[in-house]
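Here is how the chains run, residue by residue.
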Amino acid sequence: MADLKPGASYIDIDAAGQPSLRGSRCRQCGTVFVGQREHCGRCAARSSMEAITLGARGRLHSYTIVYRSYPGIRVPFVSAIVDLDGGGTVKGNLLDIEPTPEAIRFGMSVKVEFRDAAFASEEAGGHLIHVFVPAPEVA
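Residues numbered from 1 in each chain as written. Predicted model: local features only at pLDDT ≥ 70, side-chain atom pairs only at ≥ 80, totals over all residues. Heavy atoms only, no water.

A.B. asks: Looking at this structure, how should I read the overall build of the chain?
C.D. replies: Counting secondary structure elements, the chain contains zero helices and 10 strands. Shown N-terminal to C-terminal, the secondary structure of the chain runs as helices and strands in the order β-β-β-β-β-β-β-β-β-β. By the compact-globule yardstick of 14 Å for 139 residues, the chain fits well, its C-alpha radius of gyration being 16 Å. Across its three principal axes, the chain shows a C-alpha extent of roughly 40 × 35 × 30 Å. Counting 15 positive and 15 negative side-chain charges, the chain places the centres of these two groups 7 Å from one another. (Helix = DSSP H or I, 4+ residues; strand = E, 2+ residues; numbered from the N terminus. Rg over C-alpha atoms; globule rule 2.2 N^0.38 Å. Lys, Arg positive; Asp, Glu negative; His and termini not counted. Charge placed at Lys NZ, Arg CZ, Asp CG, Glu CD.)

A.B. asks: How do you make sense of the environment of Gly41 when you look at a structure like this?
C.D. replies: Position of Gly41 relative to the elements: it lies in the loop between β4 (32-34) and β5 (49-53). Sequence separation between Gly41 and Ser20 is 21 residues, and the spatial gap between their C-alpha atoms is 23 Å.

A.B. asks: Sorry, what's going on with the packing of aromatic side chains here?
C.D. replies: The geometry of an aromatic ring pair is captured by two quantities: the separation of the ring centres and the angle between the planes. One pass over the structure, following the stated rule, counts one aromatic pair. With a centroid separation of 5.3 Å and 40° between ring planes, the pair formed by Tyr63 and Phe106 is classed as tilted. Of the two residues, Tyr63 is situated in strand β6 (residues 57-66) and Phe106 in the loop between β8 (89-94) and β9 (109-116); the sequence distance between them amounts to 43 residues. Residue classification places Tyr63 among the buried positions, given a relative accessible area of 18%. (Phe/Tyr/Trp six-rings, centres within 6.5 Å; stacked < 30°, edge-to-face > 60°. Buried < 20%, exposed > 50% of the residue type's maximum accessible area, 1.4 Å probe, protein only.)

A.B. asks: What is the right way to look at the pairing of strand β7 (residues 77-84) in this model?
C.D. replies: Each regular strand displays side chains that alternate between the two surfaces of the sheet. Within β7, six of the eight residues are buried, leaving the element largely enclosed by the surrounding structure. Bridge count for β6 against β7 is eight bridges, and the pairing is antiparallel. When the sheet's bridge partners are listed, Thr64 is paired in β7 with Ser79. Between β7 and β8, which pair antiparallel one after the other, the connecting turn spans four residues, and Gly86 there sits at a positive phi close to 90°. (Pairing = 2+ DSSP bridges.)

A.B. asks: Quick question: what am I supposed to make of the layout of surface pockets here?
C.D. replies: Over the atoms, a rolling probe the size of a water molecule traces out where space has been left empty. Space inside the largest pocket adds up to approximately 340 Å³. Taken together, 19 residues line the largest pocket, and the ones lying closest to its centre are Ile73, Phe77, Asn93, Phe119 and Ala120. Going through the elements one at a time, β7 and β8 are the ones with two or more residues in the lining of the largest pocket. Its residues placed into classes, the lining of the largest pocket shows 14 nonpolar, three polar and two charged. When its volume is computed, the second largest pocket comes out at roughly 230 Å³. As for the second largest pocket, its lining consists of 15 residues, and the residues nearest its centre are Tyr10, Lys91, Gly92, Ile129 and His130. At five residues, the largest contribution of residues to the lining of the second largest pocket is made by strand β10 (residues 127-134). Taken together, the residues of the lining of the second largest pocket sort by class into eight nonpolar, six polar and one charged. (1 Å grid on protein atoms, 1.4 Å probe; cavity = no way out; pocket = protein on both sides within 12 Å on 5 of 7 lines; lining within 4 Å. Points joined across faces, edges and corners; volume = space filled by probe spheres on them. Nonpolar A, V, L, I, M, F, W, Y, C, P; charged D, E, K, R; others polar.)

Here it is as structure tokens:
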């Protein structure tokens, strides 16, 4: 993964080569956002944001099974919106699951993984992206 470039501005790769999702938390109201922010979009506090590492687990909020896409993109795939543990909501692909409504359920536990984007499109190779995979429930 060390040779891969972050595929999104909110993917951080530390000195040890470990990727994570970065976000911002408002010191005034506690709202968490994906990516770097200077001002809070919830309470409008100015210059009150602190950089944080977002959770590596979450719950499936919504999804769409995509059957038609741009040329070169492998289909079908599941486009998902996930509410991360600790705050923040992020979109990404849900992998390692059958792309059928019978296999996917709202609220299911997922975890964040990082992969070379070449699995989705040869042209995207060389970029590190985040994806979601089903995760066992944590008690």
